[in-house]
Amino acid sequence: MVCRGSLGDHYGRRRVFWIGVWIFAVASGLCGFAGNIRQLIAARALQGFGAALLVPGSLAIISNSFSEQERGSAIGVWSGLSAITTGIGPVLGGWLIEHVSWRAVFFINLPLALVVVLISLRHVAENSDRETTHVDWLGAILAALGLGALVYGLIESSQVGFKDRSVIMALAAGVVVLLLFLFVESRLSSPMLPLTLFRSRTFAGTNLLTFLLYAALGGTLFFLPLNLIQVQHYSPTAAGAVLLPFILIVSFLSRWSGGLVARHGPKLPLVVGPLITAVGYLLFLLPGIGGNYWTNFFPPVVVLGLGMAITVAPLTTTVMNSIAQNRAGIASGVNNAVARTASLIALAVLGVVMLHVFRTGLDHRLSTANLPASVAQSLQSQSIRLAAIDIPENVNPETHRLIRHAVDESFMSGFRWVMVIGAAIAAASAVNALFRIGAMRRVPTDTKSWWFGARYACCLSDITLFLF
């Protein structure tokens, strides 16, 4: 995404954004027509390439369309409208999977992409800053290889352990290649990731906050639908709707929170927001198996949404205000890359934690059950599936219930550990903001003139993010 942000700065932000939308649309069609898992994976990879072109570009377009005084509110509206469509996505996707087909989830992107292209051609002006003489393809390749090796090693470790030779080699290669990436970037005249950007205390601090906060968010919420569907037995549509309060709170409060930077500076919302988010994760420790949604999951989802609503728009605004606007594409690309990388690494790490706690808990709970060797072996071999384990049919009903309860309780133990880690990471992001984010100059806001210009850009970004 950093490279794609640089492409936008160099070749034109609207042009690169437009190309990304088309690639994403074509890839979505290929996903819908995929005949096997390999074709689907390849098409999803192409989707990721298109997304890497369009996501940083959408924010850079908005950042370049507004002055510093108006940018916080504009980014707040962008965040709010994006949250609305992000909330629609899981619910609509779950309904389509239940009542139509999983392929429809991909085909729905095609008309949306056409609308995005038409809006961008009509209402978004082209702009670029050709201060770089070339695109840093070497940096892009090294970053992709390094992160790919690191994440592969973490994922494989959950199955074969950290002592396996392939895991050790993958992790070592990932670290070496990423160090080489930093060395190369420090030597190039026009790097993909200008390390000089991090001389800004605010830019470095906000990106560290982004890494921590999105590591917590991406790593923890991956397991929530698994809990809801596999353990609580929600339908896919109902599971998709569980986070709607989170989405609605973020969407309705984002414009207000985006203006907090201009009125109070960035430090206050970037400390308070993550702390509230940490409380939301801790509230996920309370639900057990069964029970009512309104008492079990509604309270933590609401608190989590409030914390993120206070944080997201001020965080994005502070990142974009911390460097010159001719580097908007790079700034957006760096911040998006940090967020995606954080989620990816956190998911791999928390996946290892979840699987370890699940396996340990399941072995302990079934140690006195005197299960037949074939049944115990079957459960052990399926442990990677977590609560989706298929219980062998050759057991009596009482044993079946005992195994099912042990599986569900073991999953809940792992789920609670994941949420504790998420709370700790969110709290660490608040501490980072307290010591690393300075009190930036407050600027007066003018809310009378920016809305009409912002509505097309925000609508554009909003529809784009819905494609995910």
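Source: prediction; values computed, not measured. (Residues numbered from 1 in each chain as written. Predicted model: local features only at pLDDT ≥ 70, side-chain atom pairs only at ≥ 80, totals over all residues. Heavy atoms only, no water.)

1. Considerations on the overall build of the protein chain
A tally of helices and strands in the protein chain yields 20 helices and zero strands. At a minimum sequence separation of 6, the contacts of the protein chain that also span at least 24 residues come to 84%. A total accessible area of about 20,800 Å² is found for the protein chain, and carbon and sulfur atoms account for 67% of it. (Helix = DSSP H or I, 4+ residues; strand = E, 2+ residues; numbered from the N terminus. Contact = heavy atoms within 4.5 Å. Areas by Shrake-Rupley, 256 points an atom, 1.4 Å probe, with all protein chains shown as cover.)

2. A short note on the packing of helix α12 (residues 244–258) against helix α16 (residues 298–321)
Taken N-terminus to C-terminus, the directions of α12 and α16 make an angle of 35°; their axes are 8 Å apart at the nearest point. Helix-helix and strand crossings are classified by hand; for α12 and α16 the assignment is right-handed. Contacts between α12 and α16 involve Pro245, Phe246, Ile249, Val250, Leu253, Ser254, Trp256, Ser257 and Gly258 from the former and Phe298, Val301, Val302, Leu304, Gly305, Leu306, Met308, Ala309, Ile310, Ala313, Pro314 and Thr317 from the latter. Here the contact of α12 with α16 is built from residues that sort into 16 nonpolar, five polar and no charged. (Axes fitted to C-alpha atoms, helices over the stretch in contact; angles between N-to-C directions. Left-handed = near helix turned anticlockwise from the far one by under 90°. Nonpolar A, V, L, I, M, F, W, Y, C, P; charged D, E, K, R; others polar.)

3. Considerations on the layout of surface pockets
Roughly 430 Å³ of volume is contained in the second largest pocket. In terms of lining, the second largest pocket is formed by 18 residues, of which the most central are Ile155, Phe222, Leu347, Gly351 and Ile384. Per-element tally for the lining of the second largest pocket: the top contributor is helix α17 (residues 328–366), with seven residues. (1 Å grid on protein atoms, 1.4 Å probe; cavity = no way out; pocket = protein on both sides within 12 Å on 5 of 7 lines; lining within 4 Å. Points joined across faces, edges and corners; volume = space filled by probe spheres on them.)

4. Thoughts on the confidence of the model for the protein chain
Confidence along the protein chain averages 79 in pLDDT terms, with 78% of residues attaining 70 or more. Note that residues 1–5 has pLDDT below 50 and, in this model, 26 contacts with residues that lie over four places away or in other chains. Low pLDDT (under 50) marks residues 442–468, which in the prediction has 67 contacts with non-local residues, meaning those over four places away or in another chain. (pLDDT = per-residue confidence, 0-100.)

5. Considerations on the environment of Leu96
Within the fold, Leu96 resides in helix α4 (residues 68–99). Residue class for Leu96 comes out buried when judged on its relative accessible area of 11%. The spatial distance from the C-alpha of Leu96 to the C-alpha of Pro236 is 9.6 Å, given a sequence separation of 140 residues. Every residue in contact with Leu96, bar those within four places of it in the chain, is listed here: Ser101, Ala104, Val105 and Ile108. (Buried < 20%, exposed > 50% of the residue type's maximum accessible area, 1.4 Å probe, protein only.)

6. Overview of the packing of aromatic side chains
Scanning all chains against the criterion turns up nine aromatic pairs. Members of the aromatic cluster, connected to one another through ring pairs, are Phe284, Phe411 and Phe415. (Phe/Tyr/Trp six-rings, centres within 6.5 Å; stacked < 30°, edge-to-face > 60°.)

7. Some details on the nonpolar core
Note on soluble globular proteins: their nonpolar side chains tend to be buried together. With 57 residues, the main nonpolar core has Phe246, Tyr281, Phe284, Ile403, Phe411 and Phe415 as its most contacted residues. Mapped by element, the contributors of at least two residues to this core are α9 (201–221), α10 (223–231), α12, α14 (267–283), α16, α17, α18 (373–381) and α19 (397–436). Take this core: its biggest share by element is twelve residues, from α19. (Core = buried A, V, L, I, M, F, W, Y, C linked by side-chain atoms within 4.5 Å.)

8. With respect to the side chain of Thr318
With respect to the element layout, Thr318 can be found in helix α16. By relative accessible area, which is 0% here, Thr318 ends up buried.

9. Observations regarding the packing of α9 against α19
Following both chains from N to C, one finds α9 and α19 inclined at 170°, their axes separated by 9 Å at the closest point. Classified by the interaxial angle, the pair formed by α9 and α19 is roughly antiparallel. Contacts between α9 and α19 involve Arg201, Ala204, Gly205, Leu208, Leu209, Leu212, Leu213, Ala216, Gly219 and Thr220 from the first element and Val418, Met419, Gly422, Ile425, Ala426, Ala428, Ser429, Asn432, Ala433, Phe435 and Arg436 from the second. Its residues placed into classes, the contact of α9 with α19 shows 13 nonpolar, six polar and two charged. (Parallel < 35°, antiparallel > 145°, perpendicular 65-115°, else oblique.)

10. A short note on α16
Taking 1.5 Å as the rise per residue, α16 with 24 residues should run 34 Å; its terminal C-alpha atoms sit 35 Å apart, in good agreement. The sharpest bend along α16 reaches about 25° and sits at Met308. (Expected span 1.5 Å × (residues − 1). Bend = angle between axes of the 7 residues up to and from the residue.)

11. Description of α10
Within an α-helix, residues lying three or four positions from one another point in the same direction, as the helix has 3.6 residues per turn. What α10 keeps buried is the set Phe223, Leu224, Asn227, Leu228, Gln230 and Val231. Within two residues after α10, His233 carries a phi angle of roughly 65°, on the positive side.

12. Quick look at the side chain of Asp408
Looking at where Asp408 falls in the secondary structure, it is placed in helix α19. Discounting chain neighbours no more than four positions away, the residues touching Asp408 are Gln230, Val231, Ile289 and Ala387.

13. Considerations on the pattern of salt bridges
Enumeration according to the criterion identifies two salt bridges in this entry. For Arg385, the salt bridge identified is with Asp390, shortest N-O distance 2.9 Å. Here Asp408 ties to Arg404 by a salt bridge, and the two come within 3.2 Å at their closest N and O atoms. Here the residue Asp408 and the residue Arg404 both occupy positions in helix α19, the gap between them amounting to four residues, near one helical turn. (Salt bridge = Lys/Arg side-chain N within 4 Å of Asp/Glu carboxyl O.)

14. What to know about unusual backbone geometry
The backbone of His233 shows a phi angle near 65°, a positive value even though the residue is not glycine. Within the fold, His233 resides in the loop between α10 and α11 (236–241). His233 sits in the exposed class, given a relative accessible area of 57%. Positive phi values are uncommon outside glycine, yet Asn370 reaches one of about 50°.

15. Thoughts on a nonpolar patch on the surface
Together, Trp18, Ile19, Trp22, Leu114, Leu118 and Leu121 make up an exposed nonpolar region whose accessible area comes to about 570 Å². Secondary-structure elements contributing two or more residues to the nonpolar patch are α2 (13–33) and α6 (109–123). Along the chain, Leu118 turns up in helix α6. (Patch = residues over 30% accessible without salt bridge, like charges linked within 9 Å, V, L, I, M, F, W, Y side chains within 5 Å.)

16. Quick look at the environment of Leu226
Inspection of the secondary structure assignment puts Leu226 in helix α10. Residue Leu226 is classed as partly exposed on the basis of its relative accessible area of 22%. It is 8.6 Å that separates the C-alpha atoms of Leu226 and Ala388, two residues lying 162 residues apart in sequence. Ignoring anything within four residues of it in the chain, the contact list for Leu226 reads Val231, Leu386 and Phe411.

17. Comments concerning the environment of Ala309
Within the secondary structure, Ala309 is located in helix α16. The spacing of Ala309 and Phe246 is 63 residues in sequence and 8.7 Å in space, taken between C-alpha atoms. What Ala309 contacts, discounting residues up to four positions off in sequence, is Ile249, Val250, Leu253 and Ser257.

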